[in-house]
Amino acid sequence: MMEKREFEKRIEQPVSDAEYRVIETVYQWHPSVKEVSGKEEVAELYKSFGMAIFHDMLPRAEKNRELENKLRHAQAEVERIKAEMEELSRGNAPERVQVLPEALEEHLKMQNRQRENDRQRLAMAREGLGISV
């Protein structure tokens, strides 16, 4: 991270807070800014091109930040799933797996009710047609 004062010292002039927010976003998130020499790169960009270059670079920096956040969340989800799988391999059933028998039982009851309804409709249809079984 680079503080506003540090950046201003490098470029030897002040910048507004709003300008610095744009500069900081580009510095932190633009994929072309190197981690090692980024502070010098950003200062040189400002000295050479002014704020215009930062406004041009801002959309790519913001998109890169968005993608990195998505990646971080996806990696956390992968770790959570791995931990859940590890618990299963140890014989520990998470809550969702323990609820499954109840859901399965309810599903079977519903299927049985449906079959009984079908039997009743079939019996009524046979009776109406005069068919005996």
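It should be noted that the structure appears before, not after, this text.
Residues numbered from 1 in each chain as written. Predicted model: local features only at pLDDT ≥ 70, side-chain atom pairs only at ≥ 80, totals over all residues. Heavy atoms only, no water.

Engineer: Outline the layout of surface pockets, supporting the account with residue identities and numerical values.
Structural biologist: The volume enclosed by the largest pocket comes to roughly 170 Å³. Along its surface, the largest pocket is lined by Met1, Tyr27, Gln28, Trp29, His30, Pro31, Val33, Lys34, Glu35, Asn64 and Glu68. Elements that contribute at least two residues to the lining of the largest pocket include exactly helix H2 (17–29) and helix H4 (51–89). Per-element tally for the lining of the largest pocket: the top contributor is H2, with 3 residues. By residue class, the composition of the lining of the largest pocket is 5 nonpolar, 3 polar and 3 charged. (1 Å grid on protein atoms, 1.4 Å probe; cavity = no way out; pocket = protein on both sides within 12 Å on 5 of 7 lines; lining within 4 Å. Points joined across faces, edges and corners; volume = space filled by probe spheres on them. Helix = DSSP H or I, 4+ residues; strand = E, 2+ residues; numbered from the N terminus. Nonpolar A, V, L, I, M, F, W, Y, C, P; charged D, E, K, R; others polar.)

Engineer: Tell me what's going on with the packing of aromatic side chains, and back it up with residues and numbers.
Structural biologist: Inspection of the entire model under this criterion finds 3 aromatic pairs. Aromatic side chains Phe7 and Tyr20 sit 6.0 Å apart centroid to centroid with 50° between the ring planes, which places their arrangement in the tilted category. Taken together, the positions of Phe7 in helix H1 (residues 4–11) and Tyr20 in helix H2 put the pair 13 residues apart, joining distant regions of the chain. Note on accessibility: Phe7 and Tyr20 belong to one class, buried. You can call Phe7 buried: its relative accessible area is 0%. Connected via pairs of aromatic rings, a cluster forms that spans Phe7, Tyr20, Tyr46 and Phe54. (Phe/Tyr/Trp six-rings, centres within 6.5 Å; stacked < 30°, edge-to-face > 60°. Buried < 20%, exposed > 50% of the residue type's maximum accessible area, 1.4 Å probe, protein only.)

Engineer: Provide a residue-level description of the pattern of salt bridges, including the pertinent values.
Structural biologist: Note that side chains of opposite charge can pair when their charged atoms are close. Scanning the model with the defined rule gives 18 salt bridges in all. Two residues, Lys82 and Glu79, come together in a salt bridge whose shortest N-O distance is 3.9 Å. Pair noted here: Lys82 and Glu79 are both in helix H4, with a separation of 3 residues, about one helical turn. The exposure class assigned to Glu79 is partly exposed, which follows from its relative accessible area of 48%. (Salt bridge = Lys/Arg side-chain N within 4 Å of Asp/Glu carboxyl O.)

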